Amino acid sequence: MRKTRIVVPCYNEAQRLQPNSFLAALHNDPSLSFLFVNDGSNDDTLRVLNAIRDKNPAQVEVLDLETNCGKAEAVRRGVLEASEGPFDYVGYWDADLATPLEVIPEFCAVLEQRQVDAVLGARVRLLGRRIKRRPMRHYLGRIFATFASLLLGMNVYDTQCGAKIFRNSTALKIVFSSPFKVSWTFDVELLARFPLVLEASSDEACANWVEFPLEEWRDVKGSKVAMADYLKAMAEFATLFVYLRTPARKGYKRYLDGWSSRPVESRG
């Protein structure tokens, strides 16, 4: 049986978590499991997560981080832990379920049938699809995506969608071994790491990736993304440009190699 583990980072999500949706997804797919990462929440998030785990301990685990580390680090630690397990596919999903959980089997089907290494959700506004984003966020997102595509040297449409699943591999472990240099734009940084880890060009590294146009996606009330985050993203682009361009690129590669050679327990 194929096994898929999805990491769900959570920070103060007690009011937005949908336990029944997660439990229903597990009931419908015995090969699916969730690793919830409580990122130092100061509300009832941990209690809600433990309640979900108690109802299905065979398919749910909770990783409790005592202090708030930010989404990038919560995702990194969760994926790193999941990648050490006996799972064929490892991914991460936003806790607010802006992308419905019903899409997970579709992502996994693409991974299996097309033998690709990654499936990335893409919020493409097309006729017949229910992609509901506030206009300003949509247009700012398109500007961001253009810069991300240029920085990465990849024709990627949507780096920031919080729904991604990867084939579990040595490369995936190395990519997530070291802390990210940026926070809000960590998705861009993680995609940029694959060519370095694989010692391949950007085109070669993403040749086995698929962007999956979502049928449905919606802005969920209470989103923690603010207008200031887009300004922060532009500043982080400058940071990534410094690290990912020569001559600093070789130093960044050594940074990745140094962390990947550490024992697993010391990478958190």
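What you see is a predicted model, and the numbers here were worked out from it, not measured in a lab.

Calculation criteria
- Residues numbered from 1 in each chain as written.
- Predicted model: local features only at pLDDT ≥ 70, side-chain atom pairs only at ≥ 80, totals over all residues.
- Heavy atoms only, no water.
- Core = buried A, V, L, I, M, F, W, Y, C linked by side-chain atoms within 4.5 Å.
- Buried < 20%, exposed > 50% of the residue type's maximum accessible area, 1.4 Å probe, protein only.
- Helix = DSSP H or I, 4+ residues; strand = E, 2+ residues; numbered from the N terminus.
- Contact = heavy atoms within 4.5 Å.
- Phe/Tyr/Trp six-rings, centres within 6.5 Å; stacked < 30°, edge-to-face > 60°.
- Lys NZ or Arg CZ within 6 Å of the ring centre and 35° of its normal.
- Polar contact = N/O pair within 3.5 Å; in protein donor to acceptor, adjacent residues only side chain to side chain.
- UniProt positions renumbered as here; feature names shortened; annotations may be inferred.
- Expected span 1.5 Å × (residues − 1).
- Arc of directions from axis to C-beta.
- Patch = residues over 30% accessible without salt bridge, like charges linked within 9 Å, V, L, I, M, F, W, Y side chains within 5 Å.
- Areas by Shrake-Rupley, 256 points an atom, 1.4 Å probe, with all protein chains shown as cover.
- Salt bridge = Lys/Arg side-chain N within 4 Å of Asp/Glu carboxyl O.
- Axes fitted to C-alpha atoms, helices over the stretch in contact; angles between N-to-C directions.
- Parallel < 35°, antiparallel > 145°, perpendicular 65-115°, else oblique.
- Nonpolar A, V, L, I, M, F, W, Y, C, P; charged D, E, K, R; others polar.
- Pairing = 2+ DSSP bridges.

Focus on the nonpolar core
Generally speaking, soluble globular proteins have nonpolar side chains that are buried together.
Then, in step 1: The biggest cluster of nonpolar side chains holds 47 residues, and the ones touching the most others in it are Tyr92, Phe166, Phe176 and Leu190.
Then, in step 2: With eight residues, the single largest contributor to this core is helix H7 (residues 186-198).
Then, in step 3: Setting aside chain neighbours within four positions, we find Leu190 in contact with Tyr92, Phe166, Val175, Phe176 and Phe180.
Then, in step 4: Counting residues in each nonpolar core, the second largest holds 39 residues, with Leu17, Leu49, Trp93 and Cys161 among its members.

Concerning the packing of aromatic side chains
Then, in step 1: Summed over all chains, the structure comprises 16 aromatic pairs.
Then, in step 2: Ring centres of Phe107 and Phe212 lie 5.1 Å apart, and the angle between their planes is 50 degrees; this geometry places the pair in the tilted category. One end of the pair, Phe107, is in helix H4 (residues 104-114); the other, Phe212, is in strand E8 (residues 209-213), with 105 residues separating them in the sequence.
Then, in step 3: Exposure remark for Phe212: the relative accessible area of 15% places this residue in the buried category.
Then, in step 4: Counting every residue linked through ring pairs, the aromatic cluster contains Tyr92, Phe166, Phe176, Phe180, Phe186, Phe194 and Trp209.
Then, in step 5: A cation over an aromatic ring shows up here: Arg123 above the ring of Trp217, its NZ or CZ 4.9 Å from the ring centre.
Then, in step 6: Of note, Lys181 hangs over the ring of Tyr255, and the distance from its end group to the ring centre comes to 4.0 Å.

Quick notes on the environment of Leu65
Then, in step 1: As for its placement among the helices and strands, Leu65 is situated in strand E3 (residues 60-65).
Then, in step 2: Taking the C-alpha atoms as reference points, Leu65 and Val37, 28 residues apart in sequence, are found 7.2 Å from one another.
Then, in step 3: Discounting residues that sit within four places of it in the chain, Leu65 has contacts with Val37, Asn38, Asp39, Gly40, Ala74 and Arg77.

A few points about the side chain of Thr45
Then, in step 1: Position of Thr45 relative to the elements: it lies in helix H2 (residues 45-55).
Then, in step 2: Since its relative accessible area comes to 0%, Thr45 is described here as buried.
Then, in step 3: Engagement of the side chain of Thr45 in a polar contact is seen with the backbone nitrogen of Ala14, the distance being 3.1 Å.
Then, in step 4: Every residue in contact with Thr45, bar those within four places of it in the chain, is listed here: Cys10, Asn12, Glu13, Ala14, Leu17 and Asn38.

Some words on the UniProt feature "transmembrane region" (unreviewed entry) in the chain
Then, in step 1: Per the UniProt entry, the sites bearing "transmembrane region" (unreviewed entry) are residues 139-157 in this numbering.
Then, in step 2: Between the end C-alpha atoms of residues 139-157 the distance is 13 Å, and the span holds 74% helix and 0% strand.

As for helix H5 (residues 135-152)
Then, in step 1: Its 18 residues place the ends of H5 25 Å apart at the C-alpha level, agreeing with the 26 Å of an ideal helix rising 1.5 Å per residue.
Then, in step 2: The complete set of buried residues in H5 reads Arg137, His138, Gly141, Phe144, Ala145, Ala148, Ser149, Leu151 and Leu152. One side of H5 carries all its buried residues, which in axial view fall inside an arc of 150 degrees. Across H5 from its buried face, at more than 90 degrees, point the exposed residues Pro135, Tyr139 and Leu150.

Describing helix H10 (residues 248-260)
Then, in step 1: With 13 residues, H10 should cover 18 Å at 1.5 Å per step; its first-to-last C-alpha distance of 19 Å lies within 8% of that length.
Then, in step 2: For H10, the full list of buried residues reads Tyr252, Lys253, Tyr255, Leu256 and Trp259. Each buried residue of H10 lies within a common arc of 150 degrees when the element is viewed along its axis, so the set occupies one face. Turned more than 90 degrees away from the buried face of H10 sit Lys250 and Arg254, all of them exposed.

A closer look at a nonpolar patch on the surface
Then, in step 1: Side chains of Ile143, Phe147 and Met234 sit close together on the surface and give an oily, nonpolar patch of about 260 Å² of accessible area.
Then, in step 2: Checked against the element boundaries, Ile143 lands in helix H5.
Then, in step 3: The exposure class of Ile143 is partly exposed, given its relative accessible area of 43%.

A word on the packing of H7 against H10
Helix-helix packing is characterised by the crossing angle of the two axes and by the distance between the axes.
Then, in step 1: Direction vectors running N to C along H7 and H10 enclose 90 degrees, while the axes themselves pass 11 Å from each other. The angle between H7 and H10 places the two elements in the roughly perpendicular class. Taken together, the residues of H10 that come into contact with H7 (itself represented by Glu189, Arg193, Pro195, Leu196 and Val197) are Arg249, Tyr252, Lys253, Tyr255 and Leu256.
Then, in step 2: When its residues are assigned to classes, the contact of H7 with H10 shows six nonpolar, no polar and four charged.

Some details on the pairing of strand E7 (residues 163-167)
Then, in step 1: In terms of burial, E7 is a largely internal element, five of the five residues being buried.
Then, in step 2: Residue alternation in E7 divides its side chains into two sets, Ala163, Ile165 and Arg167 and Lys164 and Phe166, and both sets are buried.
Then, in step 3: Here strand E4 (residues 89-93) runs beside E7; their pairing, made up of five bridges, is antiparallel. Residue pairing in the sheet places Trp93 in a bridge with Ala163 of E7.
Then, in step 4: The sheet contact formed by strand E5 (residues 118-122) and E7 spans three bridges and is antiparallel. Bridge assignment links Leu120 to a residue of E7, and that residue is Lys164.

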